[in-house]
Amino acid sequence: KPICQETEDLLEIQYWTGQHSYVTNSFRVEDDDGSTILHGAPSEKHYFLNQTYACLPRDDDACYTFLIGGQIQMDNYYGYPPPSYSVLVDGQLVRRSDNWLFDSVQIGDSCKPRCNQDDESLIEF
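Bear in mind that the values here come from a model prediction, so they are computed numbers and not experimental data. (Residues numbered from 1 in each chain as written. Predicted model: local features only at pLDDT ≥ 70, side-chain atom pairs only at ≥ 80, totals over all residues. Heavy atoms only, no water.)

Enquirer: What is the right way to read the side chain of glutamate 30 from this model?
Expert: Secondary-structure assignment places glutamate 30 in strand S2 (residues 25-30). Polar side-chain contacts of glutamate 30 include one of 2.7 Å to the side chain of arginine 28. Those residues in contact with glutamate 30 that lie beyond four places of it in its chain are Ser35, Thr36, Cys63, Tyr64, Thr65 and Leu67. (Helix = DSSP H or I, 4+ residues; strand = E, 2+ residues; numbered from the N terminus. Polar contact = N/O pair within 3.5 Å; in protein donor to acceptor, adjacent residues only side chain to side chain. Contact = heavy atoms within 4.5 Å.)

Structure follows, in structure tokens:
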């Protein structure tokens, strides 16, 4: 785990494969320009925890986007734990989920809504 400078925040991504090693999910974190600043490759191991870190500059104008996706969406129907992820900033949980096909999380105070505020609404299932 890196030690960030006082002018940086620690971003931590935790991805757990669960029982289903054949479910290959990858993730990345992009900056405002769409450049990848953090990437997690799929793992074919059962019950594997991938912890990935990055020090992000504390910038009031910055917005980062965590993106994750895979081939299929798993659930706990058969009693096996599905893959899950957690996004933390300076140890504070931003989001945790174990039910997605594709998902994204915006990180930063200056992130703009992804919808037109006049006639659209973001719906999360």
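Enquirer: In this structure, what is going on with the state of the cysteines? I would like to understand it.
Expert: Considering all chains together, one arrives at two disulfides under this definition. The partner cysteine of cysteine 4 in its disulfide is cysteine 55, sulfur to sulfur 2.1 Å. With the S-S bond torsion at -90°, the cross-link from cysteine 4 to cysteine 55 turns out left-handed. Of this pair, cysteine 4 sits in the segment before strand S1 (8-16) while cysteine 55 is found in strand S4 (residues 49-57), placing the two residues 51 residues apart along the sequence. (Disulfide = S-S within 2.5 Å.)

Enquirer: Even after reading the chapter, I still don't get the sheet that holds S1, so can you show me in this structure?
Expert: Two orientations exist for strands paired in a sheet by backbone hydrogen bonds: parallel and antiparallel. The strand order S4-S1-S6-S7 describes an open sheet built from four strands, whose pairing is antiparallel. The open sheet is flanked by S4 and strand S7 (92-97), the only strands paired with a single partner. Averaged over all pairs of adjacent strands, the angle between their axes in this sheet comes to 15°, without regard to strand direction. With six bridges joining them, S1 and strand S6 (residues 84-89) adopt antiparallel strand pairing. Opposite glutamine 14, over in S6, you have serine 86 as the bridge partner. (Pairing = 2+ DSSP bridges. Axes fitted to C-alpha atoms, helices over the stretch in contact; angles between N-to-C directions.)

Enquirer: Just to check I follow, could you spell out the pairing of S2 for this structure?
Expert: When a strand is regular, its side chains alternate between the sheet's two faces. The pairing of S2 with strand S3 (residues 36-40) spans four bridges and is antiparallel. By the bridge assignment, arginine 28 is partnered in S3 with histidine 39. Linkage of S2 to S3, two consecutive antiparallel strands, is achieved through a turn of five residues, within which glycine 34 is found at a positive phi near 85°.

Enquirer: Looking at this structure, I do not really get the side chain of aspartate 103. What am I missing?
Expert: As for its position among the elements, aspartate 103 is in strand S8 (residues 102-107). One polar contact links aspartate 103 to tyrosine 85, side chain to side chain, over a distance of 2.4 Å. If near-sequence neighbours (up to four positions away) are discounted, aspartate 103 is found in contact with Phe66, Leu67, Ile68, Tyr85, Arg95 and Ser97.

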